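Architecture at a glance
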Amino acid sequence: MLVTEILGALDQLDLGSRKVDLIRLQWYEASRRLLRKTSDAGVDVAFKLFHEGTSLKHDDVVALDEQTAWVIAIEPCEVIVCAPQTMAEMARACYEIGNKHAPLFLVGNELLMPYDKPMFEWLTAAGFDPRQDVRRLSNPMRSNSVQGHTGLGHAHEHGHGDFKSRLFRAK
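A quick note: this is a predicted structure, and the numbers were derived from the prediction, not measured.

With respect to the overall build of the chain
Looking only at helices and strands, the chain features three helices and 11 strands. Order of helices (α) and strands (β) in the chain, N terminus to C terminus: β-β-β-β-β-β-β-β-α-β-β-α-β-α. Expressed as a percentage of the 171 residues in the chain, the buried residues total 30%. For the chain, long-range pairs separated by at least 24 residues make up 62% of all intrachain contacts whose partners lie at least 6 apart in sequence.

Structural data, given as structure tokens:
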């Protein structure tokens, strides 16, 4: 089976009497554009998701037929949970975690990331009081794409040549 789009969320679609066949993913597989998996019932599923910013989420319905609904199941994993108490702490935590290029998930007022011992120790030393837990990582924060914009091209009032000439004149 070939999946090229997400049909909707499980709780928003009327599946009627269809049985649910789960396609189990690890959190890091959910943002891949090309992926091949086998459902719980043994169906081979190929994903070709080319829309910028598309990421599979837990309970996404990706295919339907008369008898079956194929649904994404993101598997829980070990995570670091960090709950900054103020907006300033949240900003500092996000800035520092982002500088380490670690994947980051926001659930309510908690920051989640895949468990990594050095990151856990760093967050502890920085005073963030992290804790270890098992959670499902779905809906990652994205800093370089907003509604399909990749950030590679942009429109603005100045030219890049102006910046370069100012930079070299300053030396």
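So, next bit.
Observations concerning unusual backbone geometry
Phi at His101 is positive, roughly 55°, even though this residue is not glycine. For Asp129, which is not glycine, the phi torsion reads 55° and is therefore positive. Mapping Asp129 onto the fold places it in the loop between helix 2 (117-125) and strand 11 (131-135). Taking the relative accessible area as the measure of exposure, Asp129 reaches 67% and is therefore exposed.

A look at the sheet that holds strand 4 (residues 34-38)
One open sheet accounts for three strands, arranged 1-5-4; its pairing is mixed. The strands lining the two open edges of the sheet, one partner per strand, are strand 1 (2-3) and strand 4.

Points about helix 1 (residues 87-99)
Because each turn of an α-helix spans 3.6 residues, side chains separated by three or four positions in sequence point in the same direction. The end-to-end C-alpha separation of helix 1 is 18 Å, in line with the 18 Å expected for 13 residues at 1.5 Å each. Considered for burial, the residues of helix 1 that qualify are Met90, Ala93 and Ile97. The buried residues of helix 1 occupy an angular sector of 70° when the element is viewed end-on, so they sit on one face. Within helix 1, the exposed residues directed more than 90 degrees away from the buried face are Met87, Ala88 and Tyr95. Here the buried face of helix 1 lies against strand 9 (105-107), strand 10 (110-114) and helix 2.

Describing the sheet that holds strand 6 (residues 60-64)
Strand order across the open sheet formed by four strands is 2-6-7-3, with mixed pairing between neighbours. Single-partner strands in this sheet number two, and they are strand 2 (8-9) and strand 3 (19-25). Judged from the seven bridges that link them, strand 3 and strand 7 (residues 68-74) form a sheet pairing that is parallel. Looking at strand 7, one finds that Leu22 is bridged to Val71.

A word on the environment of Gly108
With respect to the secondary-structure elements, Gly108 resides in the loop between strand 9 and strand 10. Since its relative accessible area comes to 61%, Gly108 is described here as exposed. For the pair formed by Gly108 and Ala83, sequence separation is 25 residues and the distance between their alpha carbons is 9.4 Å.

Some details on helix 2
Those residues of helix 2 that sit buried are Met119, Phe120 and Leu123. Looking down the long axis of helix 2, one finds its buried residues gathered within 100° of arc, a one-sided arrangement. The exposed set on the far side of helix 2, more than 90 degrees from its buried face, consists of Lys117, Pro118 and Ala125. Elements that come into contact with the buried residues of helix 2 comprise strand 8 (77-82), helix 1, strand 10 and strand 11. After helix 2 finishes, the residue Gly127 shows a positive phi value of roughly 85°.

About the criteria used
Residues numbered from 1 in each chain as written. Predicted model: local features only at pLDDT ≥ 70, side-chain atom pairs only at ≥ 80, totals over all residues. Heavy atoms only, no water. Helix = DSSP H or I, 4+ residues; strand = E, 2+ residues; numbered from the N terminus. Buried < 20%, exposed > 50% of the residue type's maximum accessible area, 1.4 Å probe, protein only. Contact = heavy atoms within 4.5 Å. Pairing = 2+ DSSP bridges. Expected span 1.5 Å × (residues − 1). Arc of directions from axis to C-beta.

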